[in-house]
Structure formats: structure tokens, C-alpha cells
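Structural description and commentary
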Amino acid sequence: MTVFKRHGKWVAEIATGDHTAAGKPRRTRRIAATKADALRIERELLAQRDRGTPVPRADLTVGMMLAMWIEDMHTRNLAPRTIESYSQICRDHLVPNFGRHRLIELHQSHVNKLVKNLAANGYAPHTQRLVRRTLGVALSYAMRNDLVFRNVVSLSNPVSVPRRKELRIKPEQLAAMLAVVQVSPNRDLIATYIYTDMRRGEAVALKWSDLHLDEQEPWLTCERSYTATGGKFEIRTTKTADSKRIVSIPDDLRRILLERKKTIIDQDGYTEEQLSDMYVFARFDGVLPRPDNLTKEIRKLGETAGIPGMGPHQFRHLFATMLHNQGISTPAISSHLGHSDISTTVNIYTHKTPGGVSQVGHAFQNAIESIVSVEDSSKENSDG
């Protein structure tokens, strides 16, 4: 146990209780600005050691810890896209800013400064919060493995993210959107986005075996997604456990899908059994449409309909809004959307069995019909 001064700074040094590979007692040091601070640090380290908790290494850098964390993620059942997202944030933001910092010296002021610099360099609040949150998750791993005493992210200033912008598309504009979609080779897929609230990759990954179109209350199972990982698209399980769900099929979409199925059987000669394991929206050569290209196409169709800034996810927001206007409860909407947290549904502005979700399908069908009937009525009045 030693407290001494070196190069103008006070040092607290203790034996950690274990030994080096050569069999010598391992020691660790901490730098302090004053002798009082050094004595306090010495007491804390000794108390930590005497409780039987490993004393964090003084030479471990933030970059080394992040590398250990990422390696640990590969040993657990995490989606490759999740690991890739965390790894990219480490490469782009955390390692350049903190990589050479000693882990035990990381302070909440460093986190606050990082967020401030991100804002100054034009990064959106959402990105600022994501970078801060990623560091917090990494430090939680470090705490569980006795690499640090505390998670400084929890002590730093939170990042405020503005609420989502208002809907690009209003319910009264849906009739115009439905009209322009008819010219698209992907019209059946886009109709599925409109009528079911499915995420972009979820609808692309549907197989015919997922559809139950002959039931009195038609429904589909959502359990896969066509997702980008490492620059390539691949079929994976859905986003979260709650994303795996049953989705009601309104009458209009049922007719669209039945007609598509009949056309494929008549033209290509497939049997019902052969069709079962095929993707609903695959091209004739079996290739699935790229989700990023679908986003571009829907944006162009939206511009044609006089609705700039459209994208597949806007249909989910519209779906939730229209169901809310029909009197469907927020928990039911949240379940149908596949949200793991009901607050996600609430901040944007049910029941896991076919019978439970049927009310959602009927409600949305009623909302569509009311819009179309108003549109037709206005045309008749103008013609008269």
C-alpha cells in the first residue's frame, strides 16, 4: 500500500491480490491531483479488493474494452444486424473519441462532450442518443465483468429527441395513393403495406404458407423479414419476439391476394402444394424485390399522388392513426403493429389470435370504405 508523488502528480498503488504470469504480486496504480484524492482512491481500492471483487485494470483502454464487448456479443444469440450496428457505432464514434482513454478514467463529462461534438458536427438528436446509449450498453458489460466501478453514461446528461414529425400522408389522401399504386409492378406488395401495417422487410418475406385466405376471418403469420446485414439482404427472424405475430387481412387485400395466387397457378402451372413454400412477392425467377428499391419506388409514387416524402413506414403510421380514429384501443393497435412497448404506439400519435385481430381488419376495411365512398361522392357531385 503506497501513496507517493511522481512527475508532479500523486499516485495510489496497491497489490490487487493476484499474481502475474511470472508469479510476482500484481499491483495497480491510480493517478490523482492531490494527496487527499490519492488517499481516498487507495481506501476505495483496498475496500474493493477486500470484498473479494477484482480491482479494475489500470492499463485497460476504452478501445480494448469495446473490442472485448463486441467479441462477447458474437458468443451470444444476437442478430447479426444488431452486432453490426453496435460495431459501426464503435468504429465511427466511440473508438475515435475514447479509444485511447484509460477505462477507469472515463468520466461523465467526456460523454457530455462527445454528445456536444456530435451536435456541433450536424448529427441528429436520434444519432446522438444512439451513440450515448451504445456506450452505456458497453459499460454495463464492463461493470458485469468488474472492469469498471460505475457506468458514467447513467450520470451524463440525457439526450432529448423531438417527437416524430407528423404523417406525410393523411387518411383523406389514401384514395389518391391507392390509385397511382395500380400502375406499379409491385402493386400487390404495396397494397399489403397499406392494408396490414407490416414493416418493409416483413411483407417481402411472406410465403404463401403464411397466408390463411380461406378462413372466415382471413389472417397471416408474420415471423420473417428480408433484412440488410453486412451490405447484403437475407431472410431473418422478425425484429423482436413481439414482431412475430398474427395480422388480420381486410377484405380488399384478401381479394387482391387470391387473384394473385390464381394468376400464378394458372400461368405457371404450380399446384397448391408447390406454391406453399414459395415467397408471395417473388419475381418469376424467384428473386425477391429489394426493400431499398421499394422505398424509392413508393417515394416516386407518392410524389405522383401529391404526397412528397412517402415511404413504406409511413403506411404503418397511417394504419395506426386510422385504427385510432375507428375507436380501436391502443393496446390492440400496439399488438397488431408488433410493438414490444406500448409507449412506442402512443408516441407515434389486440390480441395474438385470429379471432382477436379480426376487429382490427374490419375496422381498417371500414375506414378505407368510408374514404373511398367520400371520394366517389365528391366526383359524382362535380360531374353533376
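Throughout, residues of each chain are indexed from 1 in the direction in which the sequence is written. Local features are withheld for residues below a pLDDT of 70 in this predicted model, meaning they are given only at 70 or higher, and side-chain atom pairs are given and counted only at 80 or more; totals for whole chains, interfaces and linings count all residues. With hydrogens and water excluded, all non-hydrogen atoms of the structure serve as input to the side-chain values.

Quick word on the overall build of the protein
Our working rule: Here a strand is any run of E in DSSP of at least two residues, a helix any run of H or I of at least four, and the numbering for each starts at the N terminus. Note on areas: Shrake-Rupley with a 1.4 Å probe; residue coverage comes only from the protein chains shown.
Across its full length, the protein carries 15 helices and eight strands. Entry remark: accessible area of the protein is about 20,800 Å², with carbon and sulfur atoms responsible for 50%.

Topic: helix 9 (residues 251-268)
Worth spelling out the cut-off: Under the convention used throughout, the expected extent of a helix is 1.5 Å for every residue step, that is, one less than its residue count.
The terminal C-alpha atoms of helix 9 lie 26 Å apart, and with 18 residues this matches the ideal 26 Å at 1.5 Å per residue to within 8%. At the exit of helix 9 stands Gly269, carrying a positive phi of roughly 75°.

Details of the packing of helix 2 (residues 62-73) against helix 5 (residues 125-144)
For any two helices packed against each other, one specifies the inter-axial angle together with the distance between the axes. Operational definition: Orientation is described by axes fitted as lines to C-alpha atoms, over the contacting stretch for helices, and by angles from 0 to 180 degrees between their N-to-C directions. Here the word oblique covers every angle except those under 35 degrees (roughly parallel), over 145 (roughly antiparallel) and from 65 to 115 (roughly perpendicular). Only heavy atoms enter the contact rule, under which two residues are in contact if any of them lie within 4.5 Å. Residues are grouped as follows: Ala, Val, Leu, Ile, Met, Phe, Trp, Tyr, Cys and Pro are nonpolar; Asp, Glu, Lys and Arg are charged; all remaining types, including Gly, are polar.
It is the contact of helix 2 with helix 5, at a shortest axis distance of 10 Å, that shows an interaxial angle of 85°. What the angle tells us is that helix 2 and helix 5 run roughly perpendicular. Counted together, Met65, Leu66, Met68, Trp69 and Asp72 of helix 2 and Thr134, Val137, Ala138, Leu139, Tyr141 and Ala142 of helix 5 form the full contact between these two elements. Here the contact of helix 2 with helix 5 is built from residues that sort into nine nonpolar, one polar and one charged.

Concerning the confidence of the model for the protein
Note the threshold: Here pLDDT means the predictor's own confidence in every residue, given as a number from 0 to 100.
With 78% of its residues at a pLDDT of 70 or more, the protein has an overall mean of 80. Mean pLDDT across the secondary structure elements of the protein bottoms out at helix 14 (residues 342-347), with 41, and peaks at helix 4 (residues 108-120), with 95. Note on residues 339-356: pLDDT is under 50 here. Beyond four places in sequence and across chains, it has 48 contacts.

Observations regarding the sheet that holds strand 4 (residues 211-212)
The criterion, for reference: Pairing between strands requires that DSSP locate at least two bridges from one strand to the other.
The three strands are arranged 4-5-8 in an open sheet whose pairing can be described as antiparallel. The sheet is open, and its two borders are formed by strand 4 and strand 8 (245-248), each paired with just one other strand. Pairing analysis gives two bridges linking strand 4 to strand 5 (residues 219-222), with the strands arranged antiparallel. When the bridges of strand 5 are listed, His212 appears paired with Trp219.

Details of helix 2
Our working definition: Burial classes: relative accessible area under 20% of the type maximum marks a residue as buried, over 50% as exposed, and values in between as partly exposed (1.4 Å probe, protein chains only). For this quantity, the arc is that covered by the directions from the helix axis to the C-beta atoms.
In this model, helix 2 (12 residues) spans 17 Å end to end at C-alpha, consistent with the 16 Å of a helix rising 1.5 Å per residue. Among the residues of helix 2, those classed as buried are Val62, Gly63, Met65, Leu66, Trp69, Ile70 and Met73. Looking straight down helix 2, one finds its buried side chains confined to an arc of 160°; they lie on one side. In this fold, the buried residues of helix 2 make contact with helix 3 (80-98) and helix 5.

Let's talk about the environment of Val153
Within the fold, Val153 resides in the loop between helix 5 and helix 6 (174-181). Given the relative accessible area of 6%, Val153 is considered buried. Ignoring sequence-local partners within four residues, the contact set of Val153 consists of Val111, Arg132, Leu135, Gly136 and Leu139.

Focus: the nonpolar core
Basically, it comes down to this: Throughout this description, the term nonpolar core refers to a set of buried Ala, Val, Leu, Ile, Met, Phe, Trp, Tyr and Cys residues connected via side-chain atoms within 4.5 Å.
Core analysis: the biggest nonpolar cluster contains 43 residues, and Ile169, Leu174, Met177, Tyr193, Leu211, Leu220 and Phe315 have the highest contact counts within it. Elements that contribute at least two residues to this core include exactly helix 6, helix 7 (187-196), helix 8 (200-204), strand 5, helix 9, helix 11 (291-304) and helix 12 (312-325). Element by element, the count of residues in this core is highest for helix 7, at six residues. Aside from chain neighbours lying at most four places away, what touches Met177 is Ile169, Ile298, Leu301, Gly302, Ala305, Ile307 and Phe315.

Notes on the pattern of salt bridges
Counted only if it meets this: Salt bridge, as used here, is a side-chain nitrogen of Lys or Arg placed within 4 Å of a carboxyl oxygen of Asp or Glu.
Counted according to the given criterion, the structure contains 15 salt bridges. For Arg76, the salt bridge identified is with Asp72, shortest N-O distance 3.1 Å. For Arg76, a relative accessible area of 39% translates into the label partly exposed. We note a salt bridge from Lys262 to Asp266, for which the minimum N-O separation is 2.8 Å.

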